[in-house]
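Examining the three-dimensional arrangement
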Amino acid sequence: SQQGEEDPQALSIQEGENATMNCSYKTSINNLQWYRQNSGRGLVHLILIRSNEREKHSGRLRVTLDTSKKSSSLLITASRAADTASYFCATRETSGSRLTFGEGTQLTVNP
Amino acid sequence: KAGVTQTPRYLIKTRGQQVTLSCSPISGHRSVSWYQQTPGQGLQFLFEYFSETQRNKGNFPGRFSGRQFSNSRSEMNVSTLELGDSALYLCASTQDLGGYTFGSGTRLTVV
């Protein structure tokens, strides 16, 4: 079963706009990770934020983590058509080594 | 360096048959995990192997099994295939508590 939920389920924006995706989870975590998937292929690791971190940046990506609310957000700035993909958050619990994925957000960036 | 390699990429099997999927992790990665992805259930954790030992197991029936060899390569086996086993099977490897590197997956279709 999925640990958390992501919203929105689908997001359609124009090139150059920012895209924000949210993720909620239920248990205590060691870290939270964001992945991208193109058309049913493998997942690509984007960024990892540890439970003691609140914000992290990588290029056009910005991730925030609020452990009190058990939620995270992924911001993609200045989006490009090539950013079109499904984005998943995944949590790694403190008590184990498995990743538990959210349901994903399908992002479409229109040129 | 080479990524995670999964073989075969596509597979069509008949109900009742069994199937073996293979995964070669990134060199030096000792942890290998397997996930099943379906439109209805999303990404679900199957199991994780570390140094030839199953370290974690998801909620799948005993028909799903796996193993890891001394060179960290892993195989998963599904016996007595059912139509519902049709899915994208993803393998991922990691070195530690960092991000996972996923393979491109094996698309299994059971007819």
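Every chain is numbered independently, its residues counted from 1 as its sequence is written. To label them, take the chains in the order written and letter them from A, then take the ligands in the order written and number them from 1. Under the rules for a predicted model, residues below a pLDDT of 70 receive no local features and side-chain atom pairs below 80 are neither given nor counted, while totals for whole chains, interfaces and linings still include all residues. With hydrogens and water stripped out, all remaining heavy atoms of the structure feed into the side-chain values.

1. What about the pairing of strand S5 (residues 42-50) of chain B?
Residues and elements named next belong to chain B. Put simply, the rule reads: Burial classes follow relative accessibility: with a 1.4 Å probe on protein chains only, a residue under 20% of its type's maximum area counts as buried, one over 50% as exposed, and anything between as partly exposed. Strands are runs of DSSP state E lasting at least two residues, helices are runs of H or I lasting at least four, and both sets are numbered from the N terminus onward. We treat two strands as partners when DSSP finds at least two bridges between them.
Within S5, 7 of the 9 residues are buried, which leaves it mostly tucked inside the rest of the structure. Connecting the antiparallel pair strand S4 (residues 31-38) and S5 is a turn made up of 3 residues. Note: S5 against strand S6 (residues 53-57), 4 bridges, orientation antiparallel. The partner of phenylalanine 50 across the bridge, within S6, is threonine 53. Between S5 and S6, which pair antiparallel one after the other, the connecting turn spans 2 residues, and serine 51 there sits at a positive phi close to 50°.

2. Comments concerning the interface of chain A and chain B
The criterion, for reference: Contacts were defined at the residue level, with two residues in contact if any of their heavy atoms lie within 4.5 Å. By definition, the buried area sums, over both parts, the 1.4 Å-probe accessible area that each loses when the two are put together. In what follows, salt bridge is the name for a side-chain nitrogen of Lys or Arg lying within 4 Å of a carboxyl oxygen of Asp or Glu. Polar contacts, as used here, are pairs of N or O atoms within 3.5 Å; protein pairs need one atom able to donate a hydrogen and one able to accept it. Residues neighboring in sequence count only if both atoms are side-chain atoms. By the convention adopted, Pro, Cys, Tyr, Trp, Phe, Met, Ile, Leu, Val and Ala count as nonpolar, Lys, Arg, Asp and Glu as charged, and the other residues, Gly among them, as polar.
Residue-level contacts link 20 residues of chain A with 25 residues of chain B. Between chain A and chain B the total buried area reaches about 1,800 Å² when both faces are included, carbon and sulfur atoms providing 44% of it. At the junction of chain A and chain B, the tally comes to 0 salt bridges. Put simply, chain A and chain B have 7 residue pairs in polar contact (both at pLDDT 80 or more) between them. Looking at the side of chain A that touches chain B, the elements that each hand over two or more residues are strand S4 (29-37), strand S5 (43-50), strand S9 (85-93) and strand S10 (99-101) of chain A. If one sorts the elements of the side of chain A that touches chain B by residue count, S4 of chain A sits on top with 5 residues. Grouping the amino acids of the side of chain A that touches chain B by side-chain chemistry returns 6 nonpolar, 11 polar and 3 charged.

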